[in-house]
Amino acid sequence: MIVCILGRQPELGIAELESVVGSDRIKPIGPCAALVDSKTALNQNNLGGTIKMAELIKEVDSTEINSVMSALRDTVIECMSVDVAHKQTFGISAYGLNISARRISELSFLIKKSLKAKSVSVRAIISNSTTLNSAQVIHNGLTGRSGSEFIVVSDKHRSYIARTISVQDIDSYSKRDYERPRRDMRVGMLPPKLAQIMLNLAKAEPRLTVLDPFCGTGVVLIEAALMGLKLEGSDIKREMITNSKENLEWLAKEYHIKVDQHISCADATINKWKHFDRVVTETYLGPQPPRNPDPAAINRIATECNFLVFRFLKNLRGQIGAETRCCIAIPAWPTKGGIIRLPLAKQIEKIGYTEIRFKNAGRNGLIYMRPDQYVARELLVLVPKNNQKGNLRSPHINKDLQPYTQRLNNGK
């Protein structure tokens, strides 16, 4: 059994896990973790929504602080007493417990004292927080032979004690995000972690071909290549095609992998692609809205984006088979009155698709947003509806809008 500590938006992480291992093998633990019965090994490097994975050691039928701390103390001492020949390092993280960082520090010193009495040489990692972040775990070697992070996670009635086996490689994410040769702030900056989540939501498995019809600078394609997929990409701007190809060349050299790619300049609303098994893409998010925009301004932008996304989905629908799973990121706008979504997001079945729902994640849980951004990304996970093309009339479309190609050619 594996305890997965989820990222900043836990519902995204748990939906990703459902796609990878199935909902029947997942049990949510409190608001930020999940217990996974994984018959096959999970690959931490491919899970954008899971920041830590830990092997379950003990379950405690209590969430009372003293009982949980006592069980944690005994577990750590027992595990650390196995190797008395080498100096060891340990740290403690607590999730879902109403406990202070000071209490964890006191427990760590108590454990250290008890181990010293057993002739076990140890060093305790002390934090100002109740949890150790990925950098602290990595830099102190707390997943190696001589180091361990012990985590305790509690829900309403039960606690789980586990030993960390892997954490997200934050340096590698940062390298792909900030050191790739081509980046373009004008087209948005899709985070590599979110690209990984989208690929997993689409069940994009190794050796399949993934299509990104709005490839931009190639973030989705980069993550897909690292996961062992073949790449089919396109973008309406030739500059973006050049950027994607250069970034993939950089990836192949930096990570010593072979990249199987076919990328071309094309309009996603009319193009016919040769072959693909999955579709993962971030569509046009619209222009950056002004600070504190009024609902009318957002609705105008939403109408424009709705027009483009509808035309794309209509074009794509005629090219996908019954097993083609898609993850499409479309814009949404958080406002004081709630989230403004594209009209078609509420009527997806009318245009020939069925939306995949998740047992442990609601619709709003698949909206990725950051506090400093005015545009969020809503993730639609889609499959064709009953092998039928559906009613391809556009819902709530302004027919006077210029075609997407013409707007871009005019520099708008």
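The coordinates are above.
Residues numbered from 1 in each chain as written. Predicted model: local features only at pLDDT ≥ 70, side-chain atom pairs only at ≥ 80, totals over all residues. Heavy atoms only, no water.

Chemist: Please clarify how the overall build of the protein chain should be interpreted in this entry.
Modeler: Across its full length, the protein chain carries ten helices and 17 strands. Against the globule reference of 22 Å for 412 residues, the protein chain gives a C-alpha radius of gyration of 24 Å, in line with a compact fold. For the C-alpha atoms alone, the extent of the protein chain along its principal axes is close to 80 × 45 × 40 Å. For the protein chain, the residues scored as buried account for 54% of the 412 residues in total. (Helix = DSSP H or I, 4+ residues; strand = E, 2+ residues; numbered from the N terminus. Rg over C-alpha atoms; globule rule 2.2 N^0.38 Å. Buried < 20%, exposed > 50% of the residue type's maximum accessible area, 1.4 Å probe, protein only.)

Chemist: Would you mind going over the packing of helix α2 (residues 65-80) against helix α3 (residues 101-117) with me for this structure?
Modeler: The description of two helices packed together rests on the angle between their axes and the distance between the axes. Close contact between α2 and α3 brings their axes to 10 Å; oriented N to C, the two are set at 35 degrees. Judged by the twist between their axes, the crossing of α2 over α3 is right-handed. Of the residues in α3, those in contact with I65, N66, M69, L72, R73, V76, I77 and M80 of α2 are R103, L107, L110, I111, S114 and L115. (Axes fitted to C-alpha atoms, helices over the stretch in contact; angles between N-to-C directions. Left-handed = near helix turned anticlockwise from the far one by under 90°. Contact = heavy atoms within 4.5 Å.)

Chemist: Just checking my understanding: could you explain the pairing of strand β3 (residues 33-36) for this structure?
Modeler: The alternating pattern of β3 places A33 and L35 and A34 and V36 on opposite faces, both of which are buried. Bridging between strand β1 (residues 2-6) and β3 involves four bridges; their strand directions are antiparallel. Directly across from V3, in β3, lies its bridge partner L35. When strand β2 (residues 26-29) meets β3, the two strands line up antiparallel, connected through four bridges. The residue of β3 that forms the bridge with I26 is V36. (Pairing = 2+ DSSP bridges.)

Chemist: Help me understand the packing of aromatic side chains, please; the structure alone is not making it clear to me.
Modeler: In the structure shown here, the tally under the stated rule is three aromatic pairs. Here the aromatic rings of F214 and F312 are separated by 5.1 Å at their centres, their planes lie at 85 degrees, and the arrangement is edge-to-face. Separated by 98 residues along the polypeptide, F214 in the loop between β9 (209-212) and α7 (219-226) and F312 in helix α9 (residues 295-317) bring together distant segments of the chain. With respect to class, F214 is no different from F312; both count as buried. Between W250 and Y255 the ring centres are 6.5 Å apart and the planes differ by 75 degrees, which places this aromatic pair in the edge-to-face class. With relative accessibility at 14%, the residue W250 sits in the buried group. The ring of Y255 is capped by K175, whose NZ or CZ atom sits 5.3 Å from the centre of that ring. The side chain of K193 reaches across the aromatic face of Y173, ending 5.5 Å from its centre. (Phe/Tyr/Trp six-rings, centres within 6.5 Å; stacked < 30°, edge-to-face > 60°. Lys NZ or Arg CZ within 6 Å of the ring centre and 35° of its normal.)

Chemist: What is the right way to read α3 from this model?
Modeler: An α-helix turns once per 3.6 residues; consequently, residues spaced three or four apart project the same way. The terminal C-alpha atoms of α3, which comprises 17 residues, lie 25 Å apart, in line with the 24 Å expected from a rise of 1.5 Å per residue. Along α3, the positions that sit buried rather than exposed are A101, I104, S105, L107, S108, I111 and L115. Looking straight down α3, one finds that the buried residues subtend no more than 160 degrees of arc, so they occupy a single side. Looking at α3, the residues exposed on the side facing more than 90 degrees away from the buried face are R102, K113, K116 and A117. Of the residues trailing α3, S119 is marked for its positive phi of about 65 degrees. (Expected span 1.5 Å × (residues − 1). Arc of directions from axis to C-beta.)

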